Every structure is written in C-alpha cells, then in structure tokens.
Amino acid sequence: AQCAQESIYNLLPRLEEKPVKPPRYISTFRPSVKHEVEKNKARWKTMGPAKVAVPSPKNFLQKHSKEPKLPARKKEQDSKKLPALSVPRRTDHPVMGIQSKKNFINTNAVAAITGLPKKPQPIYVDRRQGDKYLLETSGLVPKYIKKKDYGVTPKYVTQRNEEMKRAQKEYEAGILEHLKKRAMKQLSDEERRSLLQGLKKNWEEVYREFQGLSVEIDTIPKKIYKEKLESQMKQLEHDIEVIEKHKVIYIANE
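Below: a short report on this structure. This is a predicted model, so every value here is computed, not measured.

What counts, and where the lines are drawn
Residues numbered from 1 in each chain as written. Predicted model: local features only at pLDDT ≥ 70, side-chain atom pairs only at ≥ 80, totals over all residues. Heavy atoms only, no water. Salt bridge = Lys/Arg side-chain N within 4 Å of Asp/Glu carboxyl O. Buried < 20%, exposed > 50% of the residue type's maximum accessible area, 1.4 Å probe, protein only. Helix = DSSP H or I, 4+ residues; strand = E, 2+ residues; numbered from the N terminus. Patch = residues over 30% accessible without salt bridge, like charges linked within 9 Å, V, L, I, M, F, W, Y side chains within 5 Å. Areas by Shrake-Rupley, 256 points an atom, 1.4 Å probe, with all protein chains shown as cover. Axes fitted to C-alpha atoms, helices over the stretch in contact; angles between N-to-C directions. Parallel < 35°, antiparallel > 145°, perpendicular 65-115°, else oblique. Left-handed = near helix turned anticlockwise from the far one by under 90°. Contact = heavy atoms within 4.5 Å. Nonpolar A, V, L, I, M, F, W, Y, C, P; charged D, E, K, R; others polar.

Let's shift gears to the pattern of salt bridges. Working definition: two side chains of opposite charge can pair if their charged atoms are close together. As enumerated under the stated definition, the model contains three salt bridges in all. Ionic pairing is found between Asp131 and Arg127, a salt bridge with its closest N-O pair at 3.3 Å. When its relative accessible area of 47% is taken as the criterion, Arg127 is described as partly exposed. The shortest N-O distance in the salt bridge between Lys200 and Glu244 comes to 3.3 Å. Note that Lys200 is positioned in helix α5 (residues 189-211) and Glu244 in helix α6 (residues 220-245), a separation of 44 residues in sequence. Owing to a relative accessible area of 36%, Lys200 belongs among the partly exposed residues under this scheme. Judged by its relative accessible area of 38%, Glu244 falls in the partly exposed class.

And the structure:
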C-alpha cells in the first residue's frame with residue numbers, strides 16, 4: 001500500500017465523509033399506470049389458452065367428408081311422372097307391315113332432270129399455287145353500294161363541320177373586335193392644342209427649376225439632379241417639336 005506523504009494537514013486523522021444519496025424518484029402516477037397496463041393486457045397472446053380441449057380419436061378425418069352433399073330428395077319429387085322421351089324405349093316395338101308404293105328411282109330422276117343446276121360459289125385465287133377463297137367474304141365485292149344510305153354524309157360529320165365553322169366565325173369575330181379596339185385614333189385640333197400647351201407648361205416648370213440651381217455643382221446629388229432636369233427638358237423639347245411639325249396625329253389604343 002502506498003503511504004501518504006507527510007504533511008501538516010495529515011497529522012490529525014479526518015473522518016471520511018460519505019456522500020448522501022438523494023431519494024429515488026418515483027412518479028405519483030405509477031400505481032394508476034400499473035393498474036391500467038394490467039387491465040388492458042392481452043393474456044395468452046402468443047402461447048395460447050392454458051387449457052385446450054383435446055380432439056377425440058373417434059372424430060378422425062374421413063374420405064369425402066369435406067365434399068358438398070346434395071339435399072335429401074323430397075317425396076313430392078318422387079311422385080311426379082317422368083317427362084315423355086323423344087327416344088323410343090327399349091320395350092317399344094316398331095310398327096311392322098307398312099310398305100310404300102312410291103318409286104324413288106323415278107322420282108329422283110325426274111327431280112334431277114327438271115331441277116335447276118346449282119350455281120357455283122364465286123371464288124378468287126390469290127396465289128399461283130391455286131389457293132381458293134370465297135369471294136363474298138373477302139371484301140372485294142362492292143355489295144355495300146346497294147345500301148340506302150350509301151354515299152350520304154353521316155350526321156356526326158355534318159355536326160362536327162358545323163361546329164368547326166361556328167368556332168371559326170367566333171374566332172374571326174374576336175380578332176376583328178380586338179383589332180377595332182387597337183385601331184388608331186386621330187387627335188382633334190382642340191386635343192392637339194391642349195396637349196401642346198401642357199407640354200410647354202411642363203417645359204417652363206422644368207426650366208424654372210433648372211434656373212434655380214446653384215452656379216457651382218460641387219456634389220454628386222446636385223450633378224445627378226442637373227442631368228435629370230436636362231434629360232426632361234430635351235424630351236419635352238422633342239415632343240413639342242414633333243407635335244408642332246405634324247398637324248395630323250394618330251394615337252394607338254391600348
């Protein structure tokens with residue numbers, strides 16, 4: 001064991017102070033939560049019930065036991081008579097002794113002589129090997145031209161054409177109305193005169209402000225303001241010159 005170094009503080013023995021642990025925190029809702037968990041707990045959830053009835057060895061699975069069975073036949077059905085059969089019964093005997101005096105050979109010969117010959121079915125051959133196919137079902141026979149409505153335009157086509165024409169007319173009418181709204185408007189003499197007077201008045205106001213500037217332009221704001229007034233005066237002079245030069249003026253509607 002290591003010895004403590006000699007020091008004045010170690011001359012008198014000191015008691016070891018053990019830290020006192022605070023009491024363990026227990027929630028006040030612990031009993032209610034515990035009771036609620038035990039109440040809602042699903043017993044035998046994975047292991048099954050504690051006691052299960054053991055099946056009897058007599059109730060073993062038999063053959064054809066799961067096949068569907070027909071219900072028992074009622075007595076009323078047994079008493080009903082069976083329907084008459086078109087096939088003769090085994091106990092029936094044919095009528096004997098009936099003979100026909102008809103000469104079938106002469107009858108057949110007369111029918112063959114007087115009968116019309118059978119028309120052959122129209123066929124077509126599409127290969128040189130001689131493969132034959134019926135012509136009627138091939139689509140090569142123009143039999144649909146004999147219909148009453150052959151060559152008549154269907155109703156849905158005429159209806160669709162009318163709708164397209166109506167839509168085209170509405171579109172053209174909308175374009176014409178839009179062009180009319182954006183058409184050029186001519187200024188009257190009074191409007192031209194009042195506009196010219198207003199521009200001159202604005203020029204005089206800007207020129208008065210320009211004359212009120214100091215002689216020495218020594219700061220940047222003064223320089224910017226002077227350039228602004230000069231650009232406004234130039235624009236107003238240009239507009240006045242254009243209006244005085246042209247007697248007829250057109251304005252486009254927005």
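Attention shifts here to a nonpolar patch on the surface. A cluster of nonpolar residues, Ile8, Tyr9, Leu11 and Leu12, forms a patch on the protein surface that exposes about 580 Å² of accessible area. Tracing the chain through its elements places Leu11 in the segment before α1 (30-39). You can call Leu11 exposed: its relative accessible area is 66%.

Take the packing of α5 against α6 next. Any two packed helices are characterised by how steeply their axes cross, that is the angle between the axes, and by the distance between the axes. Closest axis-to-axis distance for the α5/α6 pair is 9 Å, and the angle between their directions is 155°. One way to sum up the angle between α5 and α6 is to call them roughly antiparallel. As for how α5 packs across α6, the hand of that crossing is left-handed. Contacts between α5 and α6 involve Arg192, Leu195, Leu196, Leu199, Lys200, Asn202, Trp203, Val206, Tyr207, Glu209 and Phe210 from the former and Tyr225, Lys226, Leu229, Glu230, Gln232, Met233, Leu236, Glu237, Asp239, Ile240, Ile243 and Glu244 from the latter. Taken together, the residues that form the contact of α5 with α6 break down as 13 nonpolar, two polar and eight charged.

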